[in-house]
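# Residue-level structure breakdown
These are the residues of each chain, in order.
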Amino acid sequence: MTYLEAMGDVELRHAEGNRQIALALAESLRALWQAAACRVTLALGHRPPRA
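Residues numbered from 1 in each chain as written. Predicted model: local features only at pLDDT ≥ 70, side-chain atom pairs only at ≥ 80, totals over all residues. Heavy atoms only, no water.

Moving on, we get to the pattern of salt bridges. Under the defined criterion, the tally for this structure stands at 2 salt bridges. Note that glutamate 16 and arginine 19 form a salt bridge whose closest N and O atoms lie 3.1 Å from each other. Placement of both glutamate 16 and arginine 19 in helix 1 (residues 3-43) is noted, with a separation of 3 residues, approximately one turn of the helix. We note a salt bridge from glutamate 27 to arginine 30, for which the minimum N-O separation is 2.5 Å. Of the two residues, glutamate 27 and arginine 30 both sit in helix 1, 3 residues apart, roughly one turn of that helix. For arginine 30, a relative accessible area of 39% puts it in the partly exposed group. (Salt bridge = Lys/Arg side-chain N within 4 Å of Asp/Glu carboxyl O. Helix = DSSP H or I, 4+ residues; strand = E, 2+ residues; numbered from the N terminus. Buried < 20%, exposed > 50% of the residue type's maximum accessible area, 1.4 Å probe, protein only.)

Shape is all these values report; function is a separate question.
Below is the structure:
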């Protein structure tokens, strides 16, 4: 394996790691948004539908 091939592999691993971080961040933001929407709904006196 040449130096450039090895560096390409490192770059791919970094890109995959960054993608995983971005996905985790997006999931966290989605959960925070849902929690905030729920609190606002409850604060306005609305009750969520029962299952």
